[in-house]
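The lines below spell out each chain.
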Amino acid sequence: MSEVDLLIVGAGPAGMAAAVTARQNGLDVLVIDDQPAPGGQIWRSVETVAATKRGALLGEAYAAGQASAAAFRASGAVYEPGSQLWQIEPGFRAFVTRDRQARVIKARAVILATGAQERPAPFPGWTLPGVLTVGAAQILLKNAGEIPEKPVWIAGSGPLPLLYMTQLLKAGGRVAGYLDTTPKGRLMAALPHLPGALGAMGDLLKGLGWKAALKRAGVPVVKHVAEIEAVGTDKVEQLRYRTANGREAIVSAEVVLVHEGVVPSIHPPLALGCKVEWSDVQACYVPVLDSWGESSQDYVFVAGDGAGIAGAKAAELRGHIAALRAAVKLGRLGEGAADERAAPLRSSLGRELALRPFLDTLFAPRPQVFAPPDETIVCRCEEVSAQEIRDLVKLGRPGPNQVKAFTRAGMGPCQGRQCGYTITHILAQAENRPPGEVGFYRVRPPLKPVTLGELASLDQQEPVA
Amino acid sequence: MFRKLHEPLTEAITIYVDGAPVAAEPGESVAAVLLRQKEAWSRTTPVTQSRRAPYCLMGVCFDCLAKVDGVASVQTCLTMVAPGMRIERQQGKRSLSA
């Protein structure tokens, strides 16, 4: 069994920053990550791509990842990419598979830097080949230099579709149209938060710059799109949409990219029994953390977008801050020194977070995301429809775990990562109670599929119970 | 469905998709290669045998599962190509032998 002071799960901006600070304070650090190279999703493949032509079209924020990855590589932390964490339990014992070999890692403290995922936004036909998320398309561009073959339809809301479209156009790709799903009146609602956001003026201007570039390129934009449907048998053939004003259209489509914001990855903190709370504005659960990022479980920290969506710069700051506290708790750093070093990091973090109320209000998901039509598959893995969930409500007042037992929704390989919030919201509406009260699936091991062979490869000398 | 920004591929290697040789580039994911094929899908579902293709590319949807070098239910978006790699689209439930 390997034994380390600090186990960091995830090698994105937060995990890499945490490793650097932890190492500077003399901690023995192991970083595991399921990706093949450091950088997380935002800086995917940054070490090999940043200096190339493709890196140039991805922009400055992407290129910035190169320095962070280099600092991480030089930090002296042990780094094990391609590792799947499938169980983590108090003590701490992390069960990890790498190269088809499973093992147990023992750690005195854990920083979960597992980032975020795009918010599942089910609609009829979203399981058809040809429907991908905008984040997925951007990863294809970063990792493989790959773009949609034909003019692509993009439906969604938030900064990411705007950024991806500008990158795609620079790369020589074409956009058939942008179906902006941001509901009417959101800008007015967000304006009161604008003064607070002015500290992050640069980011606001960047967003406006993307919009201007799309306008110059003549990208057709349909505003206030409320409903979409992908139509086809074995793959997408058509896209149907309806605006809030009732304007409907059917267009031919081969690739449809969707995006309705991002939500923290909460499976690892839930597995460790960390307390989470419902965020009304982001419509998701967020771990309850102190000012250092430590969770309700002693010695378990959450840093980065997993602690609440705030972007890469905030993620790095939170990573440094969490590592300082871990060093204090493990006896390598005095409290006073940690406070002193954390102070400038905290004020930078404050500036990053100042933009969030404005963005969160402006891009709050449209209500249809949480109320898919009856025929929509909500659990992609077990192919359970919204209708089946709503029918169950007639039997009583089930919670997500009863729904799981009755329908298998949430029991497939994704372990509820794609259906969890939809189930919560459908039950909340049907039972007329707040989503935070309905709750989420109980997260059970394994967090990722494990083969019998991998289980059998666990060192037999270890007491496993 | 998708295409490379640059054709032909630099430093091309060969992998096999359902037995057919296919060009790939070191450093890219198996899912990226599948999305360039004429048949751009990765598996059929265990319940209704409907086709699925890579959807999230970041390891959270599990629709890109395929058999890689004999091992079933591998997340192809997290698996990078290697020379001679054998990919089989996964049909329905995976068998116990895999």
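Numbering of residues begins from 1 in every chain and follows the order in which that chain's sequence is written. Labels are handed out in written order, letters beginning with A for the chains and numbers beginning with 1 for the ligands. Owing to the predicted nature of the model, reporting of local features is limited to residues with pLDDT of at least 70; listing and counting of side-chain atom pairs is limited to 80 or more, with chain, interface and lining totals taken over all residues. Only heavy atoms go into the side-chain values, all of them from the structure, while hydrogens and water stay out.

Section: the overall build of chain B
Note the threshold: Under the scheme used here, helices are H or I runs from DSSP no shorter than 4 residues and strands are E runs no shorter than 2 residues, and both carry numbers assigned from the N terminus. The quantity called the radius of gyration is restricted to C-alpha atoms. Its globule counterpart is 2.2 Å times the number of residues to the power 0.38. Exposed residues in this analysis have more than 50% of their type's maximum accessible area, buried residues have under 20%, and partly exposed residues fall in between, with area computed by a 1.4 Å probe over protein chains only. Note on definitions: a residue-residue contact is assigned when non-hydrogen atoms from the two residues lie within 4.5 Å.
When you go through chain B residue by residue, the secondary structure sums to one helix and eight strands. Helices (α) and strands (β) of chain B occur, in sequence order from the N terminus, as β-β-β-α-β-β-β-β-β. Its C-alpha atoms give chain B a radius of gyration of 13 Å, near enough to 13 Å, the size a compact globule of 98 residues would have. Along the longest, intermediate and shortest principal axes, the C-alpha atoms of chain B span 40 × 25 × 20 Å. The proportion of buried residues among the 98 residues of chain B is 59%. Looking at chain B alone, contacts between residues at least 24 apart form 44% of all its contacts between residues at least 6 apart.

Focus: the side chain of glutamate 431 of chain A
Residue and element names in this part refer to chain A. For glutamate 431, the position within the fold is in helix H17 (residues 420-431). A residue is classified by how much of its surface remains accessible, and glutamate 431, at 8% relative accessible area, is buried. In contact with glutamate 431, not counting residues within four places along its chain, are Val393, Arg397 and Pro398.

Examining the sheet that holds strand E16 (residues 256-260) of chain A
All names here are of chain A. Put simply, the test is: Strands pair, by our definition, only if DSSP identifies at least two bridges between them. What counts as an axis is a line fitted to C-alpha atoms, over the stretch in contact for a helix, and the angles between N-to-C directions run from 0 to 180 degrees.
Sheet architecture is open: five strands sit in the order E8-E16-E10-E11-E12, paired in parallel fashion. Of all strands in the sheet, those with a lone pairing partner are strand E8 (131-133) and strand E12 (221-222), marking the two edges. Along the sheet, helix H6 (residues 134-144) contacts E8, strand E10 (152-157) and E16; its crossing angle with E8, the most-contacted strand, is approximately 80 degrees. The strands touched by helix H7 (residues 159-170) within the sheet are E10, strand E11 (175-180) and E16, with E11 carrying the most contacts at an inclination of about 170 degrees.

A closer look at the pairing of strand E2 (residues 29-32) of chain A
All names here are of chain A. Of the two faces of E2, both are covered, the one formed by Val29 and Val31 as well as the one formed by Leu30 and Ile32. In the sheet, strand E1 (residues 2-9) pairs with E2 via four bridges, with the strands oriented parallel. Directly across from isoleucine 8, in E2, lies its bridge partner valine 31. Note: E2 against strand E3 (residues 78-80), three bridges, orientation parallel.

Overview of the interface of chain A and chain B
Counted only if it meets this: Summed over both partners, the accessible area lost on bringing two parts together, with a 1.4 Å probe, is the buried area. Salt bridges are defined as contacts in which a side-chain nitrogen from Lys or Arg sits within 4 Å of a carboxyl oxygen from Asp or Glu.
In this complex, chain A contributes 46 residues to the contact, which on the side of chain B involves 39 residues. When chain A packs against chain B, the two sides together hide about 3,700 Å² of surface, and 58% of this comes from carbon and sulfur. Area buried by chain A at its contact with chain B is led by Glu146, Arg380 and Glu383 of chain A, which between them contribute 15% of it. At the surface where chain A touches chain B, the tally comes to four salt bridges.

A few points about helix H1 (residues 13-24) of chain A
Residues and elements named next belong to chain A. The criterion, for reference: Take the number of residues in a helix, subtract one, and multiply by 1.5 Å to get its expected span.
Here H1 contains 12 residues, and its C-alpha end-to-end distance of 17 Å stays within 8% of the 16 Å for a straight helix at 1.5 Å per residue. The buried fraction of H1 is high, at 10 of 12 residues. Residues Pro13, Ala14, Gly15, Met16, Ala17, Ala18, Ala19, Val20, Thr21 and Ala22 constitute the buried set of H1. Buried residues belonging to H1 abut E1, E2, helix H5 (65-73), strand E6 (101-112), helix H12 (312-329) and helix H13 (335-353). Positive phi shows up at glycine 26, right after H1, with a value of about 80 degrees.

Observations regarding the UniProt feature "domain: BFD-like [2Fe-2S]-binding" (unreviewed entry) in chain A
Worth spelling out the cut-off: UniProt positions are given in the numbering used here, feature names are shortened, and annotations may be inferred rather than shown by experiment.
When the UniProt feature table is mapped onto this chain numbering, "domain: BFD-like [2Fe-2S]-binding" (unreviewed entry) sits at residues 377-428 of chain A. Each end of residues 377-428 of chain A is marked by a C-alpha atom, and these two atoms are 18 Å apart; helix forms 48% of the span and strand 10%.

What to know about the packing of H6 of chain A against H7 of chain A
All names here are of chain A. Note the cut-off: Crossings are classed by handedness, with left-handed meaning an anticlockwise turn of the near helix from the far one by less than a right angle and right-handed meaning a clockwise turn. Residues are grouped as follows: Ala, Val, Leu, Ile, Met, Phe, Trp, Tyr, Cys and Pro are nonpolar; Asp, Glu, Lys and Arg are charged; every other residue, Gly included, is polar.
Across the interface, H6 lies against H7 with an axial gap of 10 Å and an inter-helix angle of 35 degrees. Considering the relative orientation of H6 and H7, their crossing is left-handed. Facing Val134, Gly135, Ala137, Gln138 and Leu141 of H6, the residues of H7 in contact are Leu160, Pro161, Leu163, Tyr164 and Gln167. Here the residues of the contact of H6 with H7 are counted per class, giving seven nonpolar, three polar and no charged.

Observations regarding the pattern of salt bridges
Under the defined criterion, the tally for this structure stands at 33 salt bridges over all chains. Across the salt bridge formed by arginine 93 of chain A and glutamate 89 of chain A, the nearest N and O atoms sit 3.3 Å from each other. On the basis of relative accessible area, arginine 93 of chain A is assigned to the buried category, the value being 11%. One salt bridge in this structure joins glutamate 454 of chain A and arginine 100 of chain A, with 2.7 Å as the shortest N-O distance. Taken as a pair, glutamate 454 of chain A in helix H19 (residues 452-456) and arginine 100 of chain A in the loop between strand E5 (93-98) and E6 lie far apart in primary sequence, 354 residues in all. Look at glutamate 454 of chain A and you get buried, because its relative accessible area is 5%. In this structure arginine 100 of chain A comes out as partly exposed when scored by relative accessible area, which is 42%. Residues joined in a network through salt bridges with shared partners are Glu146 of chain A together with Lys4, Glu25, Glu28 and Arg36 of chain B.

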